[in-house]
Amino acid sequence: MTLTELSNFTAAEFSRICGRSPRWIAAAPGRVNVIGEHTDYNDGFVLPMAIERYTVIAAAPATKGVSRVELRSSEKAGQPVMIDLSKPMKPFAKGIWANYPAGVLAGFLARGISPGGFDALIHSTVPLGGGLSSSAALEVATATLLEAITGRTLDPVDKALLCQQAEHQYAGVPCGIMDQFISVMGRKDHLLLLDCRSRKPEMVPMRDPSVALLVTNTNVKHELGSGEYAKRRAQCEAAAKILGVASLRDATSAALEKARARMDDVVFRRARHVIGEIERTPRAARLLGDSDWSAAGQLMYASHFSLRDDYEVSCAELDAVVEIAQALGAPGGVYGCRMTGGGFGGCTVALVKTDAVDAISKKIGADYHQRTGIEATTFVSRPAAGATVLKPVA
Ligand code: GAF
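Residues numbered from 1 in each chain as written. Predicted model: local features only at pLDDT ≥ 70, side-chain atom pairs only at ≥ 80, totals over all residues. Heavy atoms only, no water.

Let us now look at unusual backbone geometry. One non-glycine residue, asparagine 219, adopts positive backbone phi at about 60°. For asparagine 219, the location among the structural elements is in strand E9 (residues 211–221). For asparagine 219, a relative accessible area of 40% puts it in the partly exposed group. In this model, serine 291 sits at a positive phi of 60°, which is unusual for a non-glycine residue. Examined against the element boundaries, serine 291 turns out to sit in the loop between helix H8 (265–289) and helix H9 (293–309). (Helix = DSSP H or I, 4+ residues; strand = E, 2+ residues; numbered from the N terminus. Buried < 20%, exposed > 50% of the residue type's maximum accessible area, 1.4 Å probe, protein only.)

Right, dumping it as structure tokens:
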């Protein structure tokens, strides 16, 4: 579905369920990270792109009271979640989807910006829990909707940070800044090379039609993910402390080697991944900008092996997809492949020849099923634009 079709579908669903047309529609994309994994909370570099999968929200002024917000997800349309804007905001129970929009709403209210009561219907084509940032897409779509309702446009950096805060404070996930930044700042046909320390974005053109980014969803999500994420952050902080630097961005491989005897092996390996990945990411951006697909692809493999062996956030299913892709190799149209996102399941991203996409998808699907008994889902996306406000159809 194109974004326009998706917007029209969401508007029609809103009308059907809420009994009137929406006045505002906002959308925000999910993302795939090409390289630069677990570097954002270490002040490093990331290289994500927005994908053509979106969270769309259609909304209209409330009919039941000026401070009553009713949120519906198209998946659970029968059960709206209610927020009373006249009362102090607080998170819902852990794990409730409405924490994401509620956290963003709280961020706007804390800045003195109130949308007043409204009814909203949320529909998403970003696979939930697939490591493609469905939560950031929901946060950023909510922020974009609130901008449309209030007429107050936030600075893009402030908007992304507000959404990150929502995730920390309302969803209880101590994420970095990558997902919210790309969902806000994505640009069609570009990757985003983001320096997570200065927050300076650099757009890297990626419009050569002869190559494509192929996403494979392993369709597994191992539950240890969220606790392990916080653990990794703590291990990185421990390494930085031993190295005497503010963050691993300031550390070098040589300094890490020198300090090896003063570190526990796990902390050492976590730091080795992060330092290597921070170095690989701007290099991969340059190579992609120069259309050196093979060299960029090698860095993607190196990233995967480092995440698998040193950072230990991969899993058997992600490794299986990377192995299948690597066995196809350049003769089979694959330049590189790696897990993408936080890990413990979710998706891989592969840099491939466009004319080999069908054959590669088929081979990955068949071999992955044979090895795991699970059906994978594959799709290709061009780099998409970031969050946007759409016109409701009459
Ligand atoms: C998750 C987090 F939300 C990001 O901030 C980032 O740390 C990523 O994992 C790993 O690179 O998506």
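And the narrative resumes.
The next thing to look at is the pairing of E9. Along any regular strand the residues' side chains alternate between the sheet's two faces. Most of E9 is tucked away, with nine of its eleven residues classed as buried. Relative to strand E11 (residues 345–353), E9 runs antiparallel, the two sharing eight bridges. Counted as the bridge partner of leucine 213 is leucine 351 from E11. Relative to strand E12 (residues 377–380), E9 runs antiparallel, the two being bridged by four bridges. Residue pairing in the sheet places valine 215 in a bridge with phenylalanine 379 of E12. (Pairing = 2+ DSSP bridges.)

Space inside the second largest pocket adds up to approximately 190 Å³. What lines the second largest pocket is simply Met82, Ile83, Asp84, Lys87, Pro88, Met89, Lys90, Pro91 and Phe92. Among the residues making up the lining of the second largest pocket, the classes are represented as six nonpolar, no polar and three charged. (1 Å grid on protein atoms, 1.4 Å probe; cavity = no way out; pocket = protein on both sides within 12 Å on 5 of 7 lines; lining within 4 Å. Points joined across faces, edges and corners; volume = space filled by probe spheres on them. Nonpolar A, V, L, I, M, F, W, Y, C, P; charged D, E, K, R; others polar.)

Next up on the list: the sheet that holds strand E5 (residues 81–84). The six strands lie next to each other as E5-E4-E6-E3-E1-E13, forming an open sheet whose pairing is mixed. Two strands close off the open sheet at either side, each with one partner strand: E5 and strand E13 (388–390). Shown here is a sheet whose adjacent strand axes are inclined to one another by a mean of 25°, direction ignored. In this sheet, strand E3 (residues 48–61) lies alongside strand E1 (residues 24–33) in antiparallel orientation, the contact comprising nine bridges. When the bridges of E3 are listed, proline 29 appears paired with tyrosine 54. Along the sheet, helix H1 (residues 3–18) makes contact with E1, E3, strand E4 (68–73), strand E6 (118–124) and E13, crossing E3 at roughly 30°. (Axes fitted to C-alpha atoms, helices over the stretch in contact; angles between N-to-C directions. Contact = heavy atoms within 4.5 Å.)

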